[in-house]
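Letter by letter, the chains look like this.
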Number of protein chains: 2
Amino acid sequence: MTDEATAFVPGHVTGFFSAHPHENPARAGSRGAGVALSHGVRVTVRRPDEGRETTDGPPRTTLNGESVPMPPVDGVRKRLGVPDAAVEAETPLPLGSGFGVSGAVALGTAYAANAVFGRRLSENGLVSAAHCAEVEAGTGLGDVVGQARGGLPIRLEPGAPEHGAMDGVPARPRVEYLTFGEVSTEAVLSGDTRSLTRAGERSLADLRDRPTPARLVALSRRFAREAELTTDRVESAVADVRAAGGDAAMAMLGDTVFAFGTALSDAGYDPAVCEVHPTGSGLVSE
Amino acid sequence: MTDEATAFVPGHVTGFFSAHPHENPARAGSRGAGVALSHGVRVTVRRPDEGRETTDGPPRTTLNGESVPMPPVDGVRKRLGVPDAAVEAETPLPLGSGFGVSGAVALGTAYAANAVFGRRLSENGLVSAAHCAEVEAGTGLGDVVGQARGGLPIRLEPGAPEHGAMDGVPARPRVEYLTFGEVSTEAVLSGDTRSLTRAGERSLADLRDRPTPARLVALSRRFAREAELTTDRVESAVADVRAAGGDAAMAMLGDTVFAFGTALSDAGYDPAVCEVHPTGSGLVSE
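To keep things clear, this report deals only with the structure shown in the data block. Because the structure is a prediction, the values reported are computed rather than measured. (Residues numbered from 1 in each chain as written. Chains lettered and ligands numbered in written order. Predicted model: local features only at pLDDT ≥ 70, side-chain atom pairs only at ≥ 80, totals over all residues. Heavy atoms only, no water.)

**So, the sheet that holds strand β8 (residues 174-181) of chain A**
Residue and element names in this part refer to chain A. A sheet is described by the order of its strands in space; here four strands give the open sequence β9-β10-β8-β11, paired in antiparallel fashion. On the outer flanks of this sheet lie β9 (249-250) and β11 (272-275), each paired with one strand and no other. Of the strand pairs in this sheet, β8 and β11 are connected by four bridges, and their pairing is antiparallel. When the sheet's bridge partners are listed, Glu176 is paired in β11 with Val273. Sheet strands in contact with helix α7 (residues 213-226) are β9 and β10 (255-260), and its direction is about 155 degrees off that of β10. Along the sheet face, helix α8 (residues 232-243) touches β8, β9 and β10 and points at about 20 degrees away from the line of β10. (Pairing = 2+ DSSP bridges. Helix = DSSP H or I, 4+ residues; strand = E, 2+ residues; numbered from the N terminus. Contact = heavy atoms within 4.5 Å. Axes fitted to C-alpha atoms, helices over the stretch in contact; angles between N-to-C directions.)

Rendered as structure tokens:
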């Protein structure tokens, strides 16, 4: 046990997915594929200040210095039995734009709180706690298990590690992305996801047949069109990239376009640039 | 496709294990736990030289510049359908001393040959090819899946990714190790493994109950004693470390002792020092 610990969790862009709700959150989740990013979230957990009264209100969760409500983080606190854990998260990624920031803060909280409070969970146990908290909050279905794995994660079977199954595309391309704004994950996931799920299952079968980065982007682009999720600004950026000879797709779920190599730069955009994060989540200091 | 590609695969020390033979190599394997090391193997695969005749003999596998027979690498060539792939491996780790070098060369060959010859396998497919080749060669039962995962891997269920199941201890301690010589993996695995397997299953249950680095070392030490695998030199070094207030255990299977933190140094030894490799195997250039 220690007074504070810090975990790093990569950002995660989902390219395509199918939704698989279940009353047991450990069995609920998504199939699909995405990209774990070297841009991610650093999460520090501290013991509560001495003398702090529980009547002072709920424990603080801050993101880049601002106090924000984060239901998945509250869910992790509850599952780990650490109601007073103070959580401080720092990230260059925007919230609500398809980078899995809420899942990352939840997973980082699980890793760091496990170290600070000596909770003795295994890595699967930590991932499961964060996955279930994210599912129950309705803020995501598959980012957490992708962020835990790293690389270019393929979600073969939905759910937490004890139920799900993962694979990966064996490559580590340079990543470019550009964010125009937010899309509500809750609004899409709470609507009718049947046609989305059919499109996602098709893309998954085609990616498994030929698991390469170029194919991941092409199938993600097809999915967004088939599922009718593409925003006007993403559609316009993808058209520009295609006209310049490259390929790009939309991040699920955000008004965000992503591409590999220099596809967005080549089309005249000024994107954020990062790498694939091959490692996945973990403690960086304790 | 490209003319050459290089993969890095971490070394892997198994602390304890149970053996689970099966006629299907993808279902054969081991349960147990170990450590993925930042000291590992760089494997470069090249297309055969133009004009090389197949009558020139089998393709070359070199380790640190010396031509060596490596049946698991031949097995990967066969499974990937790349009989002419030239394989060049470089490592600071000794062969036959419990670091999973043969599995690492096999897995690195799979990753790099997949890129060079455009074989379009997923990461699970590459790990499965190397795992099966290693099992068929009789040189190991669980190093490959541990090396693919990285961290402090726990093998919950034996076998290649499509059948096995993994977990991990959520920590990244400093690692010290010292090698006195070789132990034949083939000789141990081809003998009666029943009492070894009982001891390994006990250690696994106890580690899952409390998955910490200290417990991993203590249970590995207990396993080696119960399975009657401890060599005289390892026993003497472990006794010295314990007398100095630390803990250490034997690498399965080699005349090698490993420890976390500064346990071997504190006992007056001059060990090799590395880190846990959290990432696992992957391409580093193509």
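On we go from here.
**Regarding the relation of the copies chain A and chain B**
It takes a turn of 180 degrees to lay chain A on chain B, together with a shift of 0.0 Å along the axis; the resulting RMSD is 0.0 Å. The superposition of one copy onto the other is thereby described by a two-fold rotation axis. Closest to the rotation axis within chain A is the C-alpha of A:Thr279, separated from it by 2.0 Å. The share of interface residues of chain A whose copies in chain B are also at the interface is 100%, consistent with both copies meeting through the same surface. (Least-squares fit on C-alpha atoms with pLDDT ≥ 70 in both.)

**Looking at the packing of aromatic side chains**
Residue and element names in this part refer to chain B. Following the criterion strictly, the structure yields six aromatic pairs over all chains and no others. Where Phe258 meets Phe260, the ring centres are 6.4 Å apart and the plane angle is 70 degrees; that geometry is what we call edge-to-face. Given a relative accessible area of 13%, Phe260 falls into the buried group. (Phe/Tyr/Trp six-rings, centres within 6.5 Å; stacked < 30°, edge-to-face > 60°. Buried < 20%, exposed > 50% of the residue type's maximum accessible area, 1.4 Å probe, protein only.)

**With respect to the pattern of salt bridges**
Close approach of charged atoms allows side chains of opposite charge to pair. Residues and elements named next belong to chain A. Under the criterion given, the structure shown has 28 salt bridges over all chains. Across the pair Arg46 and Glu88 runs a salt bridge whose closest N-O atoms are separated by 2.9 Å. Of this pair, Arg46 sits in strand β2 (residues 29-46) while Glu88 is found in strand β5 (residues 86-90), placing the two residues 42 residues apart along the sequence. For Arg221, the salt bridge goes to Asp247, with nearest N and O atoms at 2.6 Å. One end of the pair, Arg221, is in helix α7; the other, Asp247, is in the loop between α8 and β9, and 26 residues separate them in sequence. Shared partners join several salt bridges into a network, and the residues in it are Arg202, Asp206, Arg222 and Glu226. (Salt bridge = Lys/Arg side-chain N within 4 Å of Asp/Glu carboxyl O.)

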